[in-house]
Amino acid sequence: MISLDPVSPVPPYEQVRSQFARKITDRELAVGTRLPTVRALAAQLGIAVNTVARAYRELEEAGLIETRGRAGTVVGAAGERSRERVLRAARGYASTAREQGLTADEALEIVRAALAD
């Protein structure tokens, strides 16, 4: 499910967080999917429990997962809402770009530059 690159300069908690975030936003993990417990994932990856707990905490703060006490941690519906929010923003940007006379290539180049920042 999740793997760590031990030679990466990216901290382990961020590797865990970003991989789950990507799987959620790419719909690889559906809303309601139960995630491994913090202890189980830490043991599986060979890292500290607090490292996984931090990744889960950041995912929860972003609204991508929900912790339901004894019921466990599951993928939240906010991941889907985030996708819809980005789509609305993209449509707004596309409308503005057309109004300003930009070509599709010019508009995409601006987006690429903004994402690179």
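Anything mentioned here points back to the structure above.
Residues numbered from 1 in each chain as written. Predicted model: local features only at pLDDT ≥ 70, side-chain atom pairs only at ≥ 80, totals over all residues. Heavy atoms only, no water.

A.B. asks: Break down the packing of helix α1 (residues 12-25) against helix α3 (residues 49-61) for me, with residues and values.
C.D. replies: At their nearest, the axes of α1 and α3 sit 8 Å apart, and the two run at 40 degrees to each other. As summarised for this structure, α1 and α3 are arranged oblique, according to the angle between their axes. The element α1 and its partner α3 pack so that their crossing is right-handed. Residue-level contacts link Pro12, Tyr13, Glu14, Val16, Arg17, Phe20 and Ala21 of α1 to Thr51, Arg54, Ala55, Tyr56, Glu58 and Leu59 of α3. A class-by-class count of the residues in the contact of α1 with α3 yields eight nonpolar, one polar and four charged. (Axes fitted to C-alpha atoms, helices over the stretch in contact; angles between N-to-C directions. Helix = DSSP H or I, 4+ residues; strand = E, 2+ residues; numbered from the N terminus. Parallel < 35°, antiparallel > 145°, perpendicular 65-115°, else oblique. Left-handed = near helix turned anticlockwise from the far one by under 90°. Contact = heavy atoms within 4.5 Å. Nonpolar A, V, L, I, M, F, W, Y, C, P; charged D, E, K, R; others polar.)

A.B. asks: Account for the packing of aromatic side chains, naming residues and giving values.
C.D. replies: Where two aromatic rings form a pair, the distance of their centres and the angle of their planes describe that pair. Within this structure, the stated rule accounts for one aromatic pair. Ring geometry for Phe20 versus Tyr56: centroids 5.9 Å apart, planes at 75 degrees, classification edge-to-face. Pair noted here: Phe20 is in helix α1 and Tyr56 is in helix α3, with a separation of 36 residues, a long-range link. A single burial state applies to Phe20 and to Tyr56, both of which are buried. Taking NZ or CZ as reference, Arg54 lies 3.6 Å from the ring centre of Tyr13, over its face. (Phe/Tyr/Trp six-rings, centres within 6.5 Å; stacked < 30°, edge-to-face > 60°. Buried < 20%, exposed > 50% of the residue type's maximum accessible area, 1.4 Å probe, protein only. Lys NZ or Arg CZ within 6 Å of the ring centre and 35° of its normal.)

A.B. asks: Which residues make up the pattern of salt bridges, and what values go with them?
C.D. replies: Counted by the stated rule, this structure contains five salt bridges. We note a salt bridge from Arg17 to Glu14, for which the minimum N-O separation is 2.6 Å. Taken as a pair, Arg17 and Glu14 lie in helix α1 at a separation of three residues, close to a single helical turn. Look at Arg17 and you get partly exposed, because its relative accessible area is 22%. The closest approach of N and O atoms between Glu66 and Arg68, which form a salt bridge, is 2.9 Å. The class of Glu66 is partly exposed, set by a relative accessible area of 32%. (Salt bridge = Lys/Arg side-chain N within 4 Å of Asp/Glu carboxyl O.)

A.B. asks: I'd like a description of helix α2 (residues 38-45), backed by residues and values.
C.D. replies: What α2 keeps buried is the set Leu41, Ala42 and Leu45. Along α2, the residues classed as buried sweep out an arc of 100 degrees about the axis, all on the same side. Set apart from the buried face of α2 by more than 90 degrees, the exposed residues are Arg39, Ala43 and Gln44. Buried residues along α2 sit against α1 and α3. Once α2 finishes, Gly46 follows within two positions and takes phi at roughly 75 degrees, a positive value. (Arc of directions from axis to C-beta.)

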